[in-house]
Amino acid sequence: MPDLKSKIICECGQKSIEDAIEIFKSTTLPYKKAKKLVTECNQTCCRRPLMALFNMVEFGEIDYEEIAFLIDQKNSRYESEDDDA
Amino acid sequence: MRETIVDFAKWIKSQGLEHTLPKELSKLQQLSSLDLSRKKLKSLPNSIAALQNLSVLKLSGNRLTELPSSITKLKHLRNLQCENNLLDSLPEDFGNLQSLVILNLNGNQLSTLPESFYTLENLTRLTLAVNRLSQLSSSFKKLKKLLHISLDTNYLSALPEVFESMQSLYYLDLSFNKLSSLPESLGTIQELETLILEGNLLQNLPSLERHDMLIKLNLNSNHLKTINFDISKLEDLQILTLENNLLTSIPHEVCQLAKLNYLNLSANKLTSLPACIGNLQHLYELDIEDNQISALPDSITQLKQLKTLFIANNHNLKKPHLPSLEYCDIE
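Residues numbered from 1 in each chain as written. Chains lettered and ligands numbered in written order. Predicted model: local features only at pLDDT ≥ 70, side-chain atom pairs only at ≥ 80, totals over all residues.

## With respect to the overall build of chain A
Put simply, the rule is: Helix and strand assignments follow DSSP, with helices taken as H or I runs no shorter than four residues and strands as E runs no shorter than two, numbered in order from the N terminus. Values of the radius of gyration come from C-alpha atoms, whereas the globule rule sets the reference at 2.2 Å times the count of residues to the power 0.38. To sort residues by exposure, count the other C-beta atoms lying within 10 Å of each residue's C-beta; 20 or more gives buried, 12 or fewer gives exposed, and values between give partly exposed, all with C-beta atoms placed from the backbone. Here contacts are defined at the residue level, using C-beta atoms placed from the backbone and a cut-off of 7 Å between them.
Along the backbone of chain A there are five helices and two strands. Overall, chain A shows an N-to-C arrangement of helices and strands of α-β-β-α-α-α-α. For chain A, whose C-alpha radius of gyration is 13 Å, the value lies close to the compact-globule estimate of 12 Å for 85 residues. If you line up chain A on its principal axes, its C-alpha atoms span 40 × 30 × 20 Å. Per-residue burial over chain A gives 25% buried out of 85 residues. The long-range share in chain A, meaning contacts at least 24 apart out of those at least 6 apart in sequence, stands at 51%.

Below, the structure written as structure tokens:
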């Protein structure tokens, strides 16, 4: 589990899952604004893992394996796009 | 068939799932709903075809790389949930699942669909988000009963003219693709209520004026410089989001959207808002953060329902006096 907590959730902002959880816990802003505190950008990057994590924080229970799967899924898509290019 | 159900029962035991399913073979064979979500499954046995009464099959959150071809023998299957797996293809005769009404294949690695897929004419809800589809066949138009389509987060750079036959479609999500234009037939969907086009490469819009039943329109993160259609024709619109485009102005026709309650114009290049913005009497959230606006129109004080206002990162905007306001990002 500690390994999963330190997994980088988004290249933009370079925050870990654990960092992102703390950021989401410490704000009352809606997702569209809270997300920018993690990514430090205006882009719609890393949407699936970030949105899922935001909802889990709201709900009060984090499924780290699910978030890690969504991060891997996102990274695998990026790699595939690079291959296409 | 008896041997097959025995095989399936053996497989269940081998996966340690015997406590979640009926032990008696006859009851197992009569199952109409089977939930195998999040069981860390890497494959399914061909013997699943023994469950001939299956109507609902949930396989989401596993590590399946393929579905057994025998799955297409489940003639009564109406709802197949297979989200977040690792499927990179579907069985060639997938179209044999003629009873399918709901199909969820979000979050897989599909780059193509078999031609038989387009014979699933009873589908009403199809979600294929987060896959690797780069094109759709024109045969997609055969899926005339669709009410809900999600194709977001794929690699679609163009769409064929397939929507004319889908007159009951009310939800269409094409976000996070590579679309630089939209098919003309999109304008013919009579019942469309939600249209999500976020994260594409759209520079201009075909006439969306015909969508007079549209309730939600999301055009975030495109390359729009102007709104080049009469947006006031979208008379039922309640939610309009245009975040992260290249807009330098907003047409005053937006003020005629009498039902609008949410307007997001953040991260554009706006220098002002329409003077008539106060006409939006149902607006409860306005987001104009990250623009170049130096003054709010006087009419903003007429927004009697406004509860949430984002105005940060403009040119020294001040929080307006509005009794209804519960949150503003500038004090």
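Alright, that's what it looks like, and here's the rest.
## Here we look at the overall build of chain B
A tally of helices and strands in chain B yields two helices and 14 strands. For chain B, the spread of C-alpha atoms along the three principal axes comes to 80 × 40 × 25 Å. Taken over 331 residues, chain B has a buried fraction of 39%. Expressed as a percentage of contacts within chain B between residues at least 6 apart in sequence, the contacts between residues at least 24 apart total 17%.

## Brief notes about unusual backbone geometry
Residue and element names in this part refer to chain B. A positive phi angle is found at N84, which is not glycine, with a value near 55 degrees. By secondary structure assignment, the location of N84 is in the loop between strand 3 (79-81) and strand 4 (102-104). Among the residues examined, N84 registers 24 C-beta atoms within 10 Å and is labelled buried. Even without being glycine, D290 reaches a positive phi, approximately 60 degrees. Take D290: it is sitting in the loop between strand 12 (285-287) and strand 13 (308-310).

## Concerning helix 2 (residues 17-25) of chain A
Quick reminder of the rule: The arc under discussion is defined with respect to the helix axis, by the directions toward the C-beta atoms.
Among all positions in helix 2 of chain A, only I17(A), A20(A), I21(A) and F24(A) are buried. In a view along the axis of helix 2 of chain A, the buried residues occupy a sector of 105 degrees, so they form one face of it.

## Thoughts on the confidence of the model for chain A
The line we're drawing: Known as pLDDT, the predictor's per-residue confidence is scaled from 0 to 100.
A residue-level look at chain A finds 91% of positions with pLDDT of 70 or above and a mean pLDDT of 90. Mean pLDDT values over the elements of chain A span from 81, in helix 5 (residues 64-84) of chain A, up to 97, in helix 2 of chain A.

## Here we look at the domain arrangement of chain B
Which entries qualify depends on this criterion: For the domains described, the bounds stem from an automatic or database domain assignment.
Domain annotation of chain B identifies domain 1 (1-132) and domain 2 (202-331). A straight line from the C-alpha centre of domain 1 of chain B to that of domain 2 of chain B covers 45 Å.

## Concerning the environment of L146(B)
Residues and elements named next belong to chain B. Mapped onto the elements, L146 comes out in the loop between strand 5 (125-127) and strand 6 (148-150). Given 23 C-beta atoms within 10 Å, L146 falls into the buried group. With sequence-adjacent residues up to four places away left out, L146 is seen in contact with L123, T124, L126, M166 and L169.

## Description of the packing of helix 3 (residues 31-39) of chain A against helix 4 (residues 47-59) of chain A
Residue and element names in this part refer to chain A. Threshold: Every angle, taken between N-to-C directions, lies between 0 and 180 degrees, and every axis is a line fitted to C-alpha atoms, over only the stretch in contact when it is a helix. Oblique is the label for every angle not falling under 35 degrees (roughly parallel), over 145 degrees (roughly antiparallel), or within 65 to 115 degrees (roughly perpendicular). Each helix crossing is assigned a hand: it is left-handed if the near helix lies turned anticlockwise from the far helix by less than a right angle, otherwise right-handed if that turn is clockwise. For this scheme, ten residues count as nonpolar: Ala, Val, Leu, Ile, Met, Phe, Trp, Tyr, Cys and Pro. Four count as charged, namely Asp, Glu, Lys and Arg, and the remainder, Gly too, count as polar.
For the pair helix 3 and helix 4, the least separation of the axes is 11 Å and the interaxial angle reads 115 degrees. Considering their axes alone, helix 3 and helix 4 lie roughly perpendicular with respect to each other. The handedness of the crossing between helix 3 and helix 4 comes out as right-handed. Across the interface between the two elements, Y31, A34, K35 and V38 of helix 3 pack against L50, M51 and F54 of helix 4. Taken together, the residues that form the contact of helix 3 with helix 4 break down as six nonpolar, no polar and one charged.

## Side note on helix 3 of chain A
All names here are of chain A. Residues of helix 3 that are buried include every one of K35, V38 and T39, and no others. The arc that holds the buried residues of helix 3, viewed along the axis, is 80 degrees, so those residues lie on one side. Taken together, the buried residues of helix 3 touch strand 1 (8-10), strand 2 (15-16), helix 2 and helix 4. Immediately downstream of helix 3, the backbone of E40 shows phi near 55 degrees, a positive value.

## A few points about the confidence of the model for chain B
Summing up the model confidence of chain B, the mean pLDDT is 95 and the portion of residues at 70 or higher is 99%. Across the interface, the model reports ipTM at 0.82; the global pTM reads 0.93.

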